[in-house]
Amino acid sequence: MTSFLSGLNPEQLEAVTLPYQSALILAGAGSGKTRVLTTRIAYLIQSGQVSPNGILAVTFTNKAAREMIVRIAAMLPINTRGMWIGTFHGLCHRMLRAHYQEAGLPKTFQILDMGDQQALIKRLVKDLAVDEKALPPRQIQWFINHAKEEGQRTAHVNAYDSFTRKMLECYRVYETVCMREGIVDFAELLLRCYELLTDNIILRNHYCDRFSHILVDEFQDTNRLQYRWLKLLAGVGSAKPAAVFAVGDDDQSIYAFRGAYTGNMQEFERDFAAPKIIKLEQNYRSHGNILAAANALIAHNRGRLGKNLWTAEGRGEPVRVYNAMTDIEEATFIVDEIKALHADGVALSDIALLYRSNAQSRVLEHSLFNAALSYRVYGGMRFFERQEIKHALAYLRLIAHPDDDQALLRVINFPSRGIGVRSLEQLQDAAALHQTSLWAAALNKCGGEATTISDETKAKKGLPNFVALIMTMQRACADLPLPEIIHHVLVHSGLLSHYGTEREGAERLENLNELINAATSFVHEAEDDSLVAFLSHASLEGGEHQADNYEDALQLMTVHAAKGLEFHSVFLSGLEEGLFPHENSRNEADGLEEERRLMYVAATRARRRLYLSFSQSRLLHGQTRYNVPSRFIKEIPDDLLKWLQPRAKVNSGSYHVGSEQAGFSKGTSQWNQPATGMEAAGRLTSAPFEGSGWRIGQNVSHAKFGTGVIINYEGQGTDMRIQVQFNRAGTKWLLLEYAKLTPLQ
DNA sequence: TTCCTTGTCGCCCGG
DNA sequence: CGACAAGGAA
């Protein structure tokens, strides 16, 4: 039975075999954290201390949850279904579905993702006639989520100033609408579940009795509400509290900006009466120099719980540093280096190219593309967030739950069926008047009329047509299996034919087809294969469709996205003040320290080779910026670094002439002046267009608009139109024949 | 109503 | 620079 215990180091073994008690495991990067967690679960079950039903394990990502299940299944020949393993949100969702009545939710309640939530708030802001400039929807969204993550309902928020009062007003209205429409956002899943367990003693006792062992991954990322939820579920203070096994690393806490509270780690010991803190400090991933660099860097942070990683491996290679003139040259260097590594036998998929913010990826991608290196960018648009998928899901949501205004607004006129802003306004007024959902208002308006419409009466237009469509779908789909429901909806909504005729529609059609495939595999895997369950799955999972590509490709991602991963070689680009550490971190308390932890996470991703690079100039947001090297480079001892020189001749020749000059000439724009006529002309170079007698860059005068410069033209002969940028009147297209322009100079 | 031009604004990101 | 929203013209 101890087979899976062999190979553990003493600290790991101690953690895995702890007696029935709460414990905090400080697990450094690459110290075998996941192995300890999964082995602990296997050990508890194998030794008969708990049945699978008594286990609850919580993670932050679906990926981590899946990995945990797979690894446990590999160790134990048992059905993992009995255990509750999932994300905080997934587990809360599960409880709310099981007890929707006690939680005061409709049976078919739907989950809002971030995009849905933002759209809803925008809609409300419009209705409230609030000034969007003074109260940006993004900020309102942040306010609401933040309040909920602190466990605060509208009644609990202190609003002393007018700004907060306005925010609070939005929060109130938002809550009312969510209740009426039966929708729930991510933070609400947690808060609602927390309140359910607080208010309902019978339920709470049931779950407290059931889960005797609770295991938490990435504990440093928990927010205050999650912490309280854990306390409640563990029955802290009761006669027999659960044993909570919390694994985390304060040095890798990089989500403070979304509510993670590292104080949870300090308070855990006291609140959960945990007699034991175990440190896992042996690193099995990186060579010595890389670890030494990471340790030296993170030592600059204060208030750490204290931990120093070491390795039994040798020192390995030094950390390489490259100083580039421009961002383009930096990219060229990285590409050359990756080619060399690849030629030496390192798989592309074992090399990561990391950056602080997504905006940096463009230049890098450009160079990779030109060098014909295959690469894969993580963190872009996710499957269930695509426009066409959102539209399809909206129809599905209406079938399951027609009071969902959000979904209705999304597709009431898509594909267009003649319901314009006017009819929509009337509908919204009617709904507001009776305090009902739009759907109810629509039914009211159409009376019994709509229900009698059969398929032949296509002549009917507008609202009645839409109402009939949804009702027909509801009837038709009542007894169909999920994939067929989706197929039916795609056909009858007109989405398929709409995208079939659109010029860029081929990929969208493919995605819609993929949606049916996703539903098919969902039906096979999930216990509950209903439409409502699938919709929840779509919101909670977001769809990480990245495992399907097995081509050997370089990995591009942000440092945040790289957490938890490891690679043979890691390139960390853009190590410049203002970029990394990011300038926005200057205003935040603990901002710099969080940036340093981010850097620590980045460095500890590398097994064998770590490259740090920075550039003296960089084009960002359409402006060339001149940066100084990141302080983080200076925080690494010199004897661990190896400064690389720019490659000689062939390469340097091309980038010095090309990009450096471009960088400096564009540098004039740093004064932020609007482009003058001369500049515009200079960029395009004077180009006469045939037979007209005019040329681009020509200064001209117009009777009404004043003076300006020709910047473009189209057509020919009497149809020729020219575009003139006037000094006062802006840019205009004019028919050359009638414009009566006077040439100047 | 749709298409196209014009203006604004921008960080990191899981569920 | 680009994505996206808002407003004007056909």
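These figures come from a predicted structure and were not determined experimentally.

Draft legend 1. Just the overall build of chain A, in detail. Regarding its fold elements, chain A presents 29 helices and 23 strands. Residues classed as buried in chain A amount to 51% of the 745 residues present. Across chain A, the fraction of contacts at a sequence separation of at least 24, relative to all contacts at a separation of at least 6, is 74%.

Draft legend 2. Seen up close, the protein's contact with DNA strand C. The environment of DNA strand C is made up of Arg362, His621 and Gly622. Sugar and phosphate atoms form 42% of the subset of DNA strand C atoms that lie within 4 Å of the protein. One nitrogen or oxygen atom from the side chain of arginine 362 is found 3.3 Å from a phosphate oxygen belonging to DNA strand C.

Draft legend 3. Molecular detail of the state of the cysteines. Applying the stated rule across the entire model yields 0 disulfides. No disulfide involves cysteine 178; its nearest neighbouring cysteine sulfur is the one of cysteine 170, lying 13 Å away. With a relative accessible area of 6%, cysteine 178 lands in the buried category. Here cysteine 208 is not disulfide-linked; the sulfur of cysteine 193 is the nearest cysteine sulfur, at 12 Å.

Draft legend 4. Layout of the pairing of strand E6 (residues 213-216). Along E6, one buried face is formed by His213 and Leu215 and the opposite face, lined by Ile214 and Val216, is buried too. The sheet contact formed by strand E2 (residues 55-59) and E6 spans 4 bridges and is parallel. Note that in E6 the partner of isoleucine 55 across the bridge is histidine 213. Judged from the 4 bridges that link them, E6 and strand E7 (residues 243-248) form a sheet pairing that is parallel. Residue isoleucine 214 lies in a different strand from E7, and its bridge partner there is valine 244. Where the polypeptide runs from E6 across helix H10 (residues 224-234) and back to E7, its parallel neighbour, the crossover connection is right-handed.

Draft legend 5. Representation of the sheet that holds strand E1 (residues 23-27) in the model. Taken in spatial order, the 6 strands make up an open sheet running E3-E2-E6-E7-E1-E8, and their pairing is parallel. The strands lining the two open edges of the sheet, one partner per strand, are strand E3 (84-87) and strand E8 (276-280). Strand-to-strand twist across the sheet, computed as the mean angle between neighbouring axes with direction ignored, equals 15 degrees. Where E1 lies against E8, 5 bridges are found, and the strand directions are parallel. Across the sheet, leucine 26 pairs through a bridge with lysine 279, a residue of E8.

Draft legend 6. Main features of unusual backbone geometry. Cis peptide bonds are those with omega within 30 degrees of zero, and the linkage from phenylalanine 414 to proline 415 qualifies with -5 degrees. With respect to the element layout, proline 415 can be found in the loop between helix H16 (405-411) and helix H17 (421-434). Positive phi outside glycine occurs at alanine 273, with the angle close to 50 degrees. Mapped onto the fold, alanine 273 is located in the loop between helix H11 (263-271) and E8. Phi at glutamine 435 takes a positive value of approximately 55 degrees, unusual for a residue other than glycine.

Draft legend 7. Broad picture of the nonpolar core. Of all hydrophobic cores here, the largest spans 50 residues; its most connected members are Tyr395, Ile486 and Phe534. Sequence-distant contacts of tyrosine 395, defined by excluding residues within four places in its chain, comprise Val411, Phe414, Pro415, Arg417, Phe466, Leu469, Ile470, Met473, Val489, Ser493 and Leu495.

Draft legend 8. Local environment of the packing of helix H6 (residues 137-149) against helix H8 (residues 186-199). For the pair H6 and H8, the least separation of the axes is 9 Å and the interaxial angle reads 25 degrees. In terms of axis orientation, H6 runs roughly parallel to H8. Where H6 crosses over H8, the two elements pack in a sense that is left-handed. Residues Asn145, Lys148 and Glu149 of H6 form the contact with H8, whose participating residues are Ala187, Glu188 and Leu191.

Draft legend 9. Examining the protein's contact with DNA strand B more closely. Every one of the 30 residues lining DNA strand B counts as a neighbour, but Asn62, Asn358, Gly420, Thr558 and His560 are closest to it. Put simply, 46% of the atoms of DNA strand B that lie within 4 Å of the protein are in sugar or phosphate. A distance of 3.2 Å separates a sugar or linking oxygen of DNA strand B from a polar side-chain atom of threonine 87. Note that a base nitrogen of DNA strand B is positioned 3.1 Å from one of the side-chain N or O atoms of arginine 258. For the surface near DNA strand B, the per-class residue count stands at 7 nonpolar, 15 polar and 8 charged.

Draft legend 10. Structural context of the side chain of glutamine 555. Its location among the elements puts glutamine 555 in strand E12 (residues 554-558). Given the relative accessible area of 10%, glutamine 555 is considered buried. One polar contact links glutamine 555 to tyrosine 378, side chain to side chain, over a distance of 2.8 Å. Within the structure, glutamine 555 has its side chain in polar contact with the backbone oxygen of alanine 553 (distance 3.0 Å). With sequence-adjacent residues up to four places away left out, glutamine 555 is seen in contact with Leu348, Ser349, Ile351, Ala352, Leu353, Arg376, Tyr378 and Phe567.

Each value, and the rule that gives it
- Residues numbered from 1 in each chain as written.
- Chains lettered and ligands numbered in written order.
- Predicted model: local features only at pLDDT ≥ 70, side-chain atom pairs only at ≥ 80, totals over all residues.
- Heavy atoms only, no water.
- Helix = DSSP H or I, 4+ residues; strand = E, 2+ residues; numbered from the N terminus.
- Buried < 20%, exposed > 50% of the residue type's maximum accessible area, 1.4 Å probe, protein only.
- Contact = heavy atoms within 4.5 Å.
- Near = heavy atom within 4 Å.
- Polar contact = N/O pair within 3.5 Å; in protein donor to acceptor, adjacent residues only side chain to side chain.
- Disulfide = S-S within 2.5 Å.
- Pairing = 2+ DSSP bridges.
- Right-handed = clockwise from strand over helix to strand, strands pointing away.
- Axes fitted to C-alpha atoms, helices over the stretch in contact; angles between N-to-C directions.
- Core = buried A, V, L, I, M, F, W, Y, C linked by side-chain atoms within 4.5 Å.
- Parallel < 35°, antiparallel > 145°, perpendicular 65-115°, else oblique.
- Left-handed = near helix turned anticlockwise from the far one by under 90°.
- Nonpolar A, V, L, I, M, F, W, Y, C, P; charged D, E, K, R; others polar.

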